[in-house]
Amino acid sequence: MTAERTATLDDVARAAGVSRATASRVVTGHGPASQHTRDRVAAAVTALGYVPDASARALVTRTGTRLAIAVIGHTAAVLDDPYVGRVLTSAAHVAAEREVGVSLHWLPLNDPGSLARLADSRGLGGLVVVNPTRPALETVPRSLRGRVAAVGVGARHVPSFDVDNRSGTDGVVRHLVRTGRQRIAMVTGPSWLPCGDRAVEAYRKVLHDSGAEPRVVVGDFTAVRGAQAAVEIMARWPDTDAVFALSDLTALGVLDGLNSLGVRVPGDVAVAGFDDIAFAGLSRPALTTSTHPVEEIATAAARSVLDRRDTSGTTFYPSSLVVRESA
């Protein structure tokens, strides 16, 4: 008993009564063909159950069969961040529609050349860089230009997609001021990540406009650091009446740290975050935050790479205030 043979493009061409080249043009969508010819080829594809070979098509079109999601960070633990999971899932949906696989990679922050080595790997159809830094993006070879996008602000030659955390931060901090908070501290993101600079500038401007002094503590987008930052803030500035953290995970850590000190939220200190992750509404008290459309951003980045869309520069996505019990 012999195994059933898989239909080939030659089989499709014979069944449709056209040349292999014509069948290839119709199946791949590259090149001219009449509607009558397209209908015949489509009927043959359906009748034979033909499935295009993504690898073979990649060799012809030189597009590769894999979309790499590369995340820059100090350690591989950065891949465990729920934010990365949201980016990966959204990019995978885009890739699946185009019969392209997806791989996830950690790129050490202190090794910018690791991005160039990944970009040079075999079968790579495109690259989406998360937590981009300018030194890393500058190493991308010219051969991959047009097939790289950044989630976060990157270099000029790489299209970037990011949340407008400047306006989002402005909205959160102004809300804190409007509700009577006057001594507001901020827990930032990592100092090496340039996208956080806009948020810090917005925070400082609101406090300047309200006549208050900034109280800035460096964070790293983790809950552990948030708890530590809460203790540090209350030790340095015991009269603090609000804490804004540039990630919900950090803000949840701040809640935990304040609770360990016996500080009431929001009675003594209001707490707000940024991202509006699923757990933000489940904490006690529920977390005031600002939205971060990660799925929309990741989808746009993946499409720009796989569809070769001309999206030079940075595309910002709006962020909206979500008021809950913590502030």
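Below is a short write-up of the structure. (Residues numbered from 1 in each chain as written. Predicted model: local features only at pLDDT ≥ 70, side-chain atom pairs only at ≥ 80, totals over all residues. Heavy atoms only, no water.)

**So, the sheet that holds strand S8 (residues 242-245)**
Strand pairing in a sheet is mediated by backbone hydrogen bonds. Such pairs are either parallel or antiparallel.
Part 1 of the argument: An order of S7-S6-S8-S9 is seen for the four strands of this open sheet, with the pairing classed as parallel. Edge positions in the sheet fall to strand S7 (215-217) and strand S9 (270-272), since each has one partner strand and no second. Ignoring strand direction, the axes of neighbouring strands in this sheet form an average angle of 20°.
Part 2 of the argument: Relative to S9, S8 runs parallel, the two sharing three bridges. Paired with Val243 across the two strands is Val271, which belongs to S9.
Part 3 of the argument: In the packing of helix H9 (residues 196-209) onto the sheet, the strands contacted are strand S6 (184-187) and S7, and the crossing angle to S6 comes to about 175°. (Pairing = 2+ DSSP bridges. Helix = DSSP H or I, 4+ residues; strand = E, 2+ residues; numbered from the N terminus. Axes fitted to C-alpha atoms, helices over the stretch in contact; angles between N-to-C directions. Contact = heavy atoms within 4.5 Å.)

**Brief notes about the sheet that holds strand S3 (residues 124-130)**
Part 1 of the argument: Overall, parallel pairing links the six strands, which are arranged S2-S1-S3-S4-S5-S11 in an open sheet. Where the open sheet ends on each side, the last strands, each with one partner, are strand S2 (101-108) and strand S11 (314-317). Averaged over neighbouring strand pairs, the angle between their axes works out to 20° when direction is ignored.
Part 2 of the argument: Alignment of strand S5 (residues 160-163) against S11, held across four bridges, turns out to be parallel. When the bridges of S11 are listed, Asp162 appears paired with Phe316.

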